[in-house]
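Fold and contact review
Residue-level listing of the chains:
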Amino acid sequence: MIRVFDPRAQLAPVQSAKSLQSNKDSRILWTKDDLLLTTGFDTMRSREARLWDSRKLTSSLGSVSLGTSSGTLIPLFDEDTGLLLLAGMGNTGIDCFEVSSSEPFLSQVSHCLTDTSTKGVALVPKLALDVMSCEVVRVLQLTDSCILPISYQVPRKNSGHEFHDDLYPDTVGTTPAMSAEEWWKGGNKQVERISLHPDKRPKQKAAPAKQTPAKKEVASGGSKEDQARDCSTSSSPLSTPSSSAAPSRSPSSTSGLSSGFVPSPSPSQTAKAFQNLMGPTSKFRHIQGTVMHRDTHITNIRGLNLTTPGECDGFCVNRQRVAVPLAISGGQIAVFERSQPGKLPDTALPTIQNSVNVADFAWDPFDTHRLAVAGDDAKIRVWQVPEGGLKETLTEPKIIMQGHTEKIYSITFHPLASGLLVSSSYDLTVRLWNLETGKQVKVLDGHQDQVFGMAWSPDGKLLATVCKDGKVRIYDPRKSTSPVQEGPGPEGHRGARVVWVCDGKYLLVSGFDSRSERGLYLYSASSLSSGAVSSVPVNVSPSTLIPYYDPDTSVVILTGKGDTRVYIYEIVPEDPYFIECSSFNSPEPHKGLAFLPKTECNVRDVEVAVGLMLTKTTIEPVAFKVPRVKKEFFQDDVYSDTAVWWEPALTGSAWLSGSNDQHKKISLKPKDMTPVSEAPKEAPVRKYLPSSVYLEEKTDEQKKDELLNAMVAKLGNMDDPLPQESYEGVDEDEWDD
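Residues numbered from 1 in each chain as written. Predicted model: local features only at pLDDT ≥ 70, side-chain atom pairs only at ≥ 80, totals over all residues. Heavy atoms only, no water.

The protein has the name Coronin in an unreviewed UniProt entry, where Astatotilapia calliptera is given as its organism. According to UniProt, the comment filed for the protein under the heading Sequence similarities (unreviewed entry) is "Belongs to the WD repeat coronin family." In its Subcellular location (unreviewed entry) section, UniProt records this for the protein: "Cytoplasm". (UniProt positions renumbered as here; feature names shortened; annotations may be inferred.)

Below, the discussion takes up the sheet that holds strand S21 (residues 321-325). Read from one edge to the other, the open sheet built from four strands follows the order S20-S21-S22-S24, with strand pairing classed as antiparallel. The open sheet has two edge strands with one neighbour each: strand S20 (316-317) and strand S24 (351-353). For S20 and S21, the ladder comprises two bridges, and the chain directions are antiparallel. By the bridge assignment, Val 317 is partnered in S21 with Val 322. (Pairing = 2+ DSSP bridges. Helix = DSSP H or I, 4+ residues; strand = E, 2+ residues; numbered from the N terminus.)

On to the pattern of salt bridges, then. Summed over all chains, the structure comprises 30 salt bridges. A salt bridge links Asp 78 to Lys 126, with the nearest nitrogen and oxygen atoms 3.1 Å apart. Taken as a pair, Asp 78 in strand S7 (residues 73-78) and Lys 126 in the loop between strand S11 (120-123) and strand S12 (135-142) lie far apart in primary sequence, 48 residues in all. For Asp 78, a relative accessible area of 8% translates into the label buried. Here Lys 631 makes a salt bridge to Asp 605, at a shortest N to O gap of 3.1 Å. Residue Lys 631 is found in the loop between strand S49 (619-625) and strand S50 (642-643), and its partner Asp 605 is found in the loop between strand S47 (592-595) and strand S48 (607-614); the two are separated by 26 residues along the sequence. Lys 631 gets classed as partly exposed once you look at its relative accessible area, which sits at 33%. Connected via shared salt-bridge partners are Asp 78, Glu 79, Asp 80, Lys 126 and Arg 193. (Salt bridge = Lys/Arg side-chain N within 4 Å of Asp/Glu carboxyl O. Buried < 20%, exposed > 50% of the residue type's maximum accessible area, 1.4 Å probe, protein only.)

We now examine the pairing of strand S4 (residues 35-41). Summarising burial for S4: seven of the seven residues are buried, a large majority. In S4, alternate side chains face the same way, and those of Leu 35, Leu 37, Thr 39 and Phe 41 on one face and Leu 36, Thr 38 and Gly 40 on the other are all buried. Pairing between strand S3 (residues 27-30) and S4: four bridges, direction antiparallel. Pairing of Ile 28 across the sheet is with Thr 38, part of S4. Between the antiparallel neighbours S3 and S4 lie four residues, among them Asp 33 with a positive phi of about 55°.

Reading across the sheet, the four strands line up as S3-S4-S5-S6 and stay open at both edges, with antiparallel pairing between neighbours. Among the strands making up the open sheet, the edge pair consists of S3 and strand S6 (62-68). Between one strand axis and the next, the sheet turns through 15° on average, direction left out of account. Note that strand S5 (residues 46-53) and S6 share five bridges and pair antiparallel. Counterpart to Ala 49 in the pairing with S6 is Val 64. (Axes fitted to C-alpha atoms, helices over the stretch in contact; angles between N-to-C directions.)

On the surface, Leu 140, Leu 142 and Ile 147 cluster together into a nonpolar patch covering about 230 Å² of accessible area. Assignment of secondary structure puts Leu 140 in strand S12. (Patch = residues over 30% accessible without salt bridge, like charges linked within 9 Å, V, L, I, M, F, W, Y side chains within 5 Å. Areas by Shrake-Rupley, 256 points an atom, 1.4 Å probe, with all protein chains shown as cover.)

In C-alpha cells:
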C-alpha cells in the first residue's frame with residue numbers, strides 16, 4: 001500500500017493506493033515532477049521498480065523488471081540529471097535509468113557490472129564530483145571488505161579542460177532554508193541553489209590548522225585509468241566506468257609529523273604493519289580439493305531420493321559403507337560397501353525397508369554395522385547391517401524406539417558414550433535415548449519452534465541447538481531439562497546448522513540473515529546472550545550450508561545440497577575469527593558431502609580431509625590436500641595427534657551416571673617417515689654466480705688468453721688426424737677400365 005501524507009495538515013493520508021508489489025523489502029522515494037518510485041517484488045517474486053504520479057495513485061505510470069533474486073532493490077535518484085540507479089543487495093550489478101514525466105517514463109541508460117557483491121550503496125554529494133571530467137554521478141558501493149567508488153561520466157570532446165553548463169544545472173546547496181519551527185508553522189522556503197562551476201562555488205571557511213586532519217586518500221590511488229574499468233553499457237552517451245577492485249594505498253595516505261618527515265619504524269613495527277596490511281594468513285589457504293580416480297567411484301546409482309528434509313545431510317558414511325536414501329515407496333535405504341567400488345548392476349538391489357518416509361538417518365560412530373533411521377511416524381528404527389553388506393532386503397529392525405508424538409526432524413549420536421542417541425521433533429522436544437534399553441532417558445524442553453540442528457560438545461557434556469524461533473541454546477542434559485544458556489541466533493528462518501569449534505570454546509552456526517543471504521556466525525560458548533562475536537556473509541542460495549569441522553586443523557568445510565561450490569575457512573579464537581581459504585568447485589551440483597575418519601587421509605600426499613560426494617548417479621571420493629614441497633617428510637605442523645573417535649570413551653550407562661572421559665589419541669605419522677620439523681637443514685643453493693665474478697676487472701692479457709682458448713676449443717687439436725685419413729680406398733683391380 002502506498003500512502004501520501006501532509007503531516008502539517010492532517011493525520012490521514014491525502015492519497016493512497018495498492019502498490020501491486022509484495023510488502024517484503026519494498027522501498028519508496030520521490031523523483032522529479034511529483035513522481036514517486038517504488039521497488040519490491042511482484043507476484044512472481046521478480047524484482048521490479050514502478051513509477052507513480054503522486055497526485056493520482058490509481059495506477060502506475062510504468063515499470064521495469066530486473067529478474068529474479070532475493071536481494072532487496074535499493075533505489076538512488078539524482079534530481080539534477082534525472083538519473084535513477086538501482087542496486088540489488090547481494091548482487092553484482094547496478095542498473096541506471098533516466099526518469100521522465102512522459103512516455104516512456106523509465107528508459108535504461110546503462111548496466112554496470114561490479115567485481116564483488118553489493119552490501120550497500122550511497123550517492124556522493126554533487127559538490128564532491130569531478131565536474132571538469134564530466135562526472136555527473138558517483139556511487140559508493142559497500143562490499144564485504146571495502147568501499148568502492150563507481151563513477152558515471154559523460155564523454156565530451158573537451159573533457160578535462162572545459163566546464164559543460166548543460167550537464168550541471170545549479171544544485172541544492174548545503175545551507176538550510178528554514179528552521180523546523182518555521183516549517184511547522186507553514187513555511188515553504190526552498191534551499192538556495194548553487195553553481196557547480198569551479199570558479200563560482202561559494203568559498204568555504206578553512207578550519208584552523210591544528211584541527212585539520214592529515215589528508216588521506218580513501219579510495220583514489222594511482223591514475224584515473226587504474227581507478228576505472230569499462231562496464232557493459234547500452235548505446236547511450238553516458239559511459240559507466242567502475243572503480244578498481246580494491247582501493248590502492250599510496251604514500252599520501254599516511255600522515256606523518258608536521259615537518260613532513262616520518263621516523264623510521266623498527267623491524268617489529270614493520271612486520272606488524274605488514275601483517276595489518278595483508279591480514280592474517282593460514283597454512284591451509286591454498287588447500288586443494290581433488291576428485292579421486294574413477295576406479296574409486298560408485299556409479300550407476302538409480303532412484304536416488306533428492307527430496308530429503310533440510311535437516312538431513314542427504315546421505316551418511318562410515319569407514320566401511322555408505323547409506324543412501326532411495327525414492328521408492330516404503331522409505332528404502334540402499335547400503336553400498338566402500339571396498340566394492342564400480343558400476344552397480346541395473347537390476348534391483350537389496351535395501352533396508354522402513355515402511356515410512358525417512359526423515360533422517362545416521363551411522364553409529366562406534367559400530368559400522370548399526371544404522372539408526374528416523375521416520376515420519378515419530379519412531380526411530382535401529383538396523384543391523386550384516387558382515388559383508390546387504391545380501392538381501394531387511395524388513396525387521398533390531399530396535400524400535402517410540403516417544404515423540406509428532407514427526408522427527410533429526411537424530412545425532414553421542415560422540416563419546418556408546419549407545420546414546422538424541423532426536424528432535426515437531427512436538428518441540430529433544431529426547432535422549434539409550435539404545436541398550438531402547439528407552440528414552442531425558443526429555444529437553446524450551447524450544448518455541450522447529451529445531452534446525454543439534455551438536456554435542458567435544459567433551460560430551462553439553463548439547464547445543466539452533467532453532468527457528470531465532471535462538472541458540474546450550475543444554476546440560478544430565479543436570480537440567482531446560483537450557484543453561486540462550487542467545488540470539490540467525491535472523492533467517494530457512495534453516496541452520498550448529499557445530500562446536502576451537503576446543504569447545506565457540507559455537508559456529510551456519511544460517512540465513514533477514515535478507516535470506518547465507519552466512520556464518522560465531523558465538524562464545526560461555527556467553528550466548530551477548531550474540532555473535534563475528535560473522536561472515538557467504539552468498540545467496542536456498543540450501544542450508546552443512547558444516548564439517550576438523551578439530552585437528554580447525555578447518556571447517558561447508559556446502560549445501562544442490563551447490564557446486566565447497567567453502568573452506570580456518571576458524572581462529574581471535575580476531576578476525578574467519579580466515580577464508582581456497583574453495584573447491586564440483587563440475588555439477590552435488591546432493592551431499594560426507595567425510596571419513598582422519599585415518600583415511602593419505603599423509604604422504606598431505607591430505608587433511610577425505611569426503612564422499614553424492615551426485616545424481618554416483619558417489620565420488622574427494623581429497624583435500626595442502627600443497628607442500630617436501631612431501632617425503634611427515635608434515636607434523638599439519639597433522640597433530642588425532643582422536644580415536646571411532647572407539648567409545650565410556651558406555652552410555654556410565655555417562656548417564658555422571659562419568660566423563662575423553663578419546664585416546666594416536667599419531668598419523670608412518671614409521672618410515674621423518675617429521676619435517678626434524679628434517680636436515682639444507683645449505684641454500686646459489687642460483688647465480690656472486691657479483692664479484694662479474695665486477696672483477698680483467699687485464700688485456702687475461703682477455704686475450706681467454707679468447708684464444710675459446711677459439712682453440714672450438715677448432716679442436718691440430719695434431720688430431722683429419723676425418724678423411726681414416727677412410728679406406730679401393731683395390732686397383734676394382735677400377736673400371
